[in-house]
Amino acid sequence: MISVAHGTTDAASAAAIHAALDSPQANDQRALARARAFAEPLLAPERLDTGEPALQHADGVAQILARIGGTAELQACAYLVYAVGYLARPRDIIAKAFGESLADVALETHKLIQLQRQARARAPAADAAASGSELDRAQTENVRKMLLAFSRDLRVVLLRLASRLQTLRHYAATKQVPPRALAAESLHVFAPLANRLGIGQLKWELEDLAFRFLEPDTYKTIARLLDEKRIEREAHVEQVRQRLELALRELGLEAQVQGRPKHIYSIVKKMRGKGLSFDQVYDLRALRVIVGTVDECYRVLAWVHEHYTPVPEEFDDYIARPKPNGYQSLHTVVRDEQGRAFEIQIRTRAMHEHAEHGVAAHWAYKEAGTKGYAGVSASSSYDAKIAVLRQLLAWQSDLTGVAHGLFDDHIYVFTPQAAIVELPKGATPVDFAYAVHTDLGHRCRGAKVDGQMVPLNTPLSTGQTVEIIAAKEGGPSRDWLNPEAGYLVSHRAKAKVRAWFNALAAQENIARGREQVERLLQREGRTATNLEALAQALGYATPEALFEAVGKEAITLRAIEQQLAPAAPTTAQPPTPVLKKARAMSRGASADVLVVGVGALMTTLARCCKPAPPDEIRGFITRGKGVSVHRADCPDFAALAARQPGRVIDVAWAGTPAGGPHAPVYAVDVGVQAQDRQGLLRDITEAFAREKINVIGVQTQTVRDVAWMTFTVEVSDASRVARVMAVLSDVPGVIKVWRR
């Protein structure tokens, strides 16, 4: 919330920096004092954009951290964070004076503050027509992502929680109304985060203050209702408290019995969630009992249930079944002789400490082996790190309803305008460019990360700011699709690049097909042919679709010739007696095709589609060449059948066992589109060899670094082709594999 200074510090600032640099390493308490002395001349004359004096804000943050059990070293960070904006070389100066660890925390937290301020300033302008609730939701999601992006170090999170609470306190103390976006994100992002980390003190105060600003009328109504019967209610609570304290002392228990504070937002949530009136909310009268051991907790519960009437449906045993954030306590609601209900919470001192301070009560906030993570004094640093990350993940799940983020291998990086971009782990600047906009990805030619030029295949890390250097026009590089080069990780980016090259290939196919069709029409003397009618007769919606099919050999020119030829008089279709086997033919012929017709009718496997068992097949009666057998999905057959349906005949495979001693083999064409590279043909033929597929012919053509290849292979049945096509798809550089 402090703009970065571009000038030099004044004499007092320089003196403070010099004193800090010359100081020897001291313990945490001395570090705290030195940090405040270091920051005071820098912050004393300044105000934050909220109007709060900068030094007062830092003091408030440090006090809040101290109240929840934060170490003196963590409190020192509160001053260093706000000093960053007034130093020419903040990392170097703070690292020399206070160590690398505190320098990292200070700079990361300062960066997060700056980004959140920029995002909040832009939120109203993002959609002037949006309603307040829509803006609240958008801003909530934005802030959530920012906090996740910096949550690898718990100290950053705790500093932001304490800072936000201090900001709300300032607005309340000065009787000002904060921006709605700030109050909304405090209630819907920061308070749930404090709850997930188990820091009850921060959670309740953040909720009440934020709710006070968001719904002032409701807040005042509940506050007035609380105050109206306060004397009667407090007298009853004090009477029960004294009786319970005396009874526990007689049982030999050292117990602390106290009235529990009433939080307005909690009361409103219960009223709305359960449809209750104000008088029906049980915890308006509430006590808390703190004892030494778990066994004593249950002894207290037994006494309470014996001397008061319990409300069974309001009993919760959070000791046996702790809440997800680690909270433990016994909750029960009972009624006295007059039927007045009140709530009692029973917990140990350790449980109470955790309920109030959460992770702050157990973490040391010092590095423990792994850079960027806070350590822990109890248990291993790894276990503690995982425990807190799980709470952050659960907090994210609470907000979005979908558990994704920290454990789904995602990172969060920023645009120069502080927009959040979510990417898979290991993503590069090229992935980032495509995530921002497809056109930016196509034109990407260079990148800066945190202001420094980097190669386009540099893996990004959470929290970095990425700027793309783009050409005015152009397309992606084929190298980006090479997995060994490491330019792309995102499936979306890969799909966009492939789509660009597929569109380019389609244009080339259309041009090639157009040239072939026009040459055919000239040769046949049919240049006046209506191309749209010709395309539709052959089953294509437009002439361009027909040209593309011809260019990539999905349909042959012979099919077009036959469509252009005058229709022959149709004859009556012969009767359909029994299926008979065609005459035996040589290797690779159609000896195993059964046809409907007369005697040993000659059959020929069509060369346009090269069918093989178990393909679905159809027959077409030719002039002088018997029955031509096509695959049922053959475009040429579709054109012939549309033109002369009376010559279509049913055919089927005879069923000779594939792989048997007399099983025939069939020639099948497999098409491959791949990024051209050295060794590509070798790798593909080796894949065929591993599958024991005999290759009897290869045709290859390279256009603009893309190889178009047709392999003619021998198989006993087409199912083997499907298996080898799956293997070919895994060859590096292969873009597409299909059966011709």
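In short, a report on the structure. (Residues numbered from 1 in each chain as written. Predicted model: local features only at pLDDT ≥ 70, side-chain atom pairs only at ≥ 80, totals over all residues. Heavy atoms only, no water.)

## A short note on the nonpolar core
- By size, the foremost hydrophobic cluster in this structure holds 81 residues, and its most contacted members are I94, L159, L161, L202 and L206.
- No other element matches the eleven residues that helix α8 (residues 154-173) contributes to this core.
- Residue assignment places this core across two domains, with domain 1 (11-121 + 139-199) and domain 2 (217-357) each supplying three or more.
- If near-sequence neighbours (up to four positions away) are discounted, L159 is found in contact with V61, L65, L74, C77, A78, V81, V105 and T109.
- Counting residues in each nonpolar core, the second largest holds 31 residues, with I617, V627, A718 and M725 among its members. (Core = buried A, V, L, I, M, F, W, Y, C linked by side-chain atoms within 4.5 Å. Buried < 20%, exposed > 50% of the residue type's maximum accessible area, 1.4 Å probe, protein only. Helix = DSSP H or I, 4+ residues; strand = E, 2+ residues; numbered from the N terminus. Domains from an automatic or database assignment. Contact = heavy atoms within 4.5 Å.)

## Brief notes about the packing of aromatic side chains
- Going through the model one piece at a time under the given rule, you end up with eight aromatic pairs.
- Between F211 and Y265, the ring centres sit 5.4 Å apart and the planes meet at 55 degrees, which makes this aromatic pair tilted. Residue F211 is found in helix α10 (residues 200-214), and its partner Y265 is found in helix α13 (residues 264-274); the two are separated by 54 residues along the sequence.
- Residue classification places F211 among the buried positions, given a relative accessible area of 1%.
- An aromatic cluster is present here, built from W303, Y308 and F342 joined pairwise through their rings.
- Sitting over the ring of Y318, K323 keeps its end group 4.9 Å from the ring centre.
- Seen from the ring of Y327, K323 lies directly overhead, with NZ or CZ sitting 5.0 Å from the centre. (Phe/Tyr/Trp six-rings, centres within 6.5 Å; stacked < 30°, edge-to-face > 60°. Lys NZ or Arg CZ within 6 Å of the ring centre and 35° of its normal.)

## Concerning the packing of α8 against α10
- The N-to-C vectors of α8 and α10 enclose an angle of 40 degrees; their axes lie 10 Å apart at closest approach. The angle between the axes of α8 and α10 places the two elements in the oblique class. Crossing geometry of α8 relative to α10 is assigned as left-handed. Of α10, the residues touching α8 (which contributes L161, R164, L165, L168, R169, Y171 and A172) are L202, E205, L206, L209, A210, R212 and F213.
- Counted by class, the contact of α8 with α10 contains ten nonpolar, no polar and four charged residues. (Axes fitted to C-alpha atoms, helices over the stretch in contact; angles between N-to-C directions. Parallel < 35°, antiparallel > 145°, perpendicular 65-115°, else oblique. Left-handed = near helix turned anticlockwise from the far one by under 90°. Nonpolar A, V, L, I, M, F, W, Y, C, P; charged D, E, K, R; others polar.)

## Observations concerning the pairing of strand β5 (residues 330-335)
- For β5, a buried count of five out of six residues is recorded, marking the element as mostly surrounded by other parts of the structure.
- Pairing analysis gives two bridges linking strand β3 (residues 309-310) to β5, with the strands arranged antiparallel. When the sheet's bridge partners are listed, P310 is paired in β5 with V334.
- Sheet analysis places strand β4 (residues 316-317) next to β5, joined by two bridges and oriented antiparallel. The residue of β5 that forms the bridge with D317 is L330.
- Two elements, β5 and strand β6 (residues 341-348), share six bridges in a ladder whose sense is antiparallel. Within β6, the residue paired with T332 across the bridge is I344. (Pairing = 2+ DSSP bridges.)

## What to know about the pairing of strand β11 (residues 444-449)
- The pairing of β11 with strand β13 (residues 466-470) spans five bridges and is antiparallel. Considered in β13, the bridge of A447 is made with I468.
- Both β11 and strand β12 (residues 452-454) contribute to a ladder of three bridges, which runs antiparallel. Note on β12: the bridge partner recorded for K448 is M453.
- Counted between consecutive antiparallel strands, the loop separating β11 from β12 contains two residues, among which D450 sits at a positive phi close to 50 degrees.

## A look at the environment of Q562
- With respect to the element layout, Q562 can be found in helix α22 (residues 557-564).
- Judged by relative accessible area, Q562 falls into the partly exposed class, the value being 22%.
- In this structure the C-alpha to C-alpha distance between Q562 and R643, which are 81 residues apart in sequence, comes to 8.6 Å.
- Residues within four places of Q562 in sequence aside, it is in contact with L640 and R643.

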